[in-house]
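# Structure at a glance
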Amino acid sequence: MNTPRQTLLAEAAKRILITDGAFGTEIQNWKLAEADYAGDLGLGHDQKGNNDILALTKPEVPETITRAYLDAGSDIVSTNTFSANLISQADYGAEHLVRDINIASAQIARRLADEYAAKDGRPRFVAGAIGPTNKTLSLSPDVNDPGFREIDFDYLKNVYREQADALLEGGADFILIETVFDTLNAKAGVMAVIEAAEALGRDVPIMMSMTLTDLSGRNLSGHTVEAFWHAVRHAKPITIGLNCSFGAEQLRPHVKVLSAICDTLIMVYPNAGLPNELGEYDEEPHTTAGLVREWADQGQVNVLGGCCGSTPAHIKAIADAVNGLSPRALPKPPVQTRLAGLEPFTMAA
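My aim in this report is to walk through the structure given alongside it, one point at a time. For clarity, every value in this text was computed on a predicted model and none was experimentally measured.

Time to look at the overall build of the protein chain. A count of helical and extended segments in the protein chain gives 13 helices and eight strands. Over its C-alpha atoms the protein chain spans a radius of gyration of 20 Å, differing by no more than 12% from the 20 Å that the globule rule assigns to 349 residues. Taking all 349 residues of the protein chain together, the buried fraction comes to 53%. Considering only contacts in the protein chain between residues 6 or more positions apart, those separated by 24 or more positions represent 78%. Accessible surface computed for the protein chain: about 15,700 Å², of which carbon and sulfur atoms make up 54%. If the 29 positive side-chain charges of the protein chain are averaged to one point and the 45 negative ones to another, these points end up 8 Å apart.

What follows deals with the environment of Thr-288. Counting through the fold element by element, Thr-288 comes out in helix H12 (residues 285-297). Judged by its relative accessible area of 3%, Thr-288 is buried. Along the chain, Thr-288 and Asn-219 lie 69 residues apart, while their C-alpha atoms are 23 Å from each other. Once residues within four sequence positions are removed from consideration, Thr-288 is found in contact with Ala-272, Glu-283, His-314 and Ile-318. In this structure the side chain of Thr-288 is engaged in a polar contact, spanning 2.5 Å, whose partner is the side chain of Glu-283.

Let us now look at the environment of Ala-317. Here Ala-317 shows up in helix H13 (residues 312-322). The sequence separation of Ala-317 and Lys-236 amounts to 81 residues, and the corresponding C-alpha distance is 31 Å. With near-sequence residues (within four places) excluded, Ala-317 lies in contact with Pro-285, His-286 and Ala-289.

Calculation rules
- Residues numbered from 1 in each chain as written.
- Predicted model: local features only at pLDDT ≥ 70, side-chain atom pairs only at ≥ 80, totals over all residues.
- Heavy atoms only, no water.
- Helix = DSSP H or I, 4+ residues; strand = E, 2+ residues; numbered from the N terminus.
- Rg over C-alpha atoms; globule rule 2.2 N^0.38 Å.
- Buried < 20%, exposed > 50% of the residue type's maximum accessible area, 1.4 Å probe, protein only.
- Contact = heavy atoms within 4.5 Å.
- Areas by Shrake-Rupley, 256 points an atom, 1.4 Å probe, with all protein chains shown as cover.
- Lys, Arg positive; Asp, Glu negative; His and termini not counted.
- Charge placed at Lys NZ, Arg CZ, Asp CG, Glu CD.
- Polar contact = N/O pair within 3.5 Å; in protein donor to acceptor, adjacent residues only side chain to side chain.

Rendered as structure tokens:
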């Protein structure tokens, strides 16, 4: 029996795969009240806005959204766990529920993925989503103390480890380290997943997705897309790419750069354009689909989807737009050469 890694690579060799779209903006459309979020957990803190906890208190919400993405053509569905970590859940007094939230969310996605795969025989995959938290290892939150850090590497690694363990227990095929604004945070996530895989004694493929903070193509910790790739390449991610921050129009040059240098699958899921003055996304599905099709036409992508503002309609439009187009061919790894017989250079006295 093939592993999830082998199956995904086999499917990606045949066609451009489709991941899902946004959860946050879709959940907003439900107009949920505090009672919907809080349920009967009795946490003593306001829970409105804690989208991840809905896996426990109102599971029909993430289930309905996930089902809509599968109906739209998603091959990969992610768990609604962007903030389901100890750091983020502490803001809601729900840090003791981190494991339960991640397991429940992964089980929802797993059950639906298996249901759809059984219908037509086409594999569906579950990506356990891990967000960046609201802390940074690379930058100080105190402008008067550049050396100050709120947390350290080992602490964040352990936070990610708790989440990764639970997502895998719930049935995730991959761990998606997404919306990476700080490359060092991502490295803590990588180490956590490697430890989780070793503890389970099996392969756990890593997906990674960087988010840009300006149009020059850097994240908050100052890394370009090239630098980010070289910083995480050792983890052998099954996919690497970009999400959030911008729409497809702004990501075009950076997708081109990443596609040319990475010897793994490229996954890009942009926002539905840029937000308007009210913070809402109004790029139409056919517009987004037309923009990402350009990447497909140029052989630059393997997996496509959407981030903030994207809907099942966007995912269906993307799936239709790239149907039948060839996936990006993975470039061969660079040839390693050995220079023999050369003495090290020394400065003359």
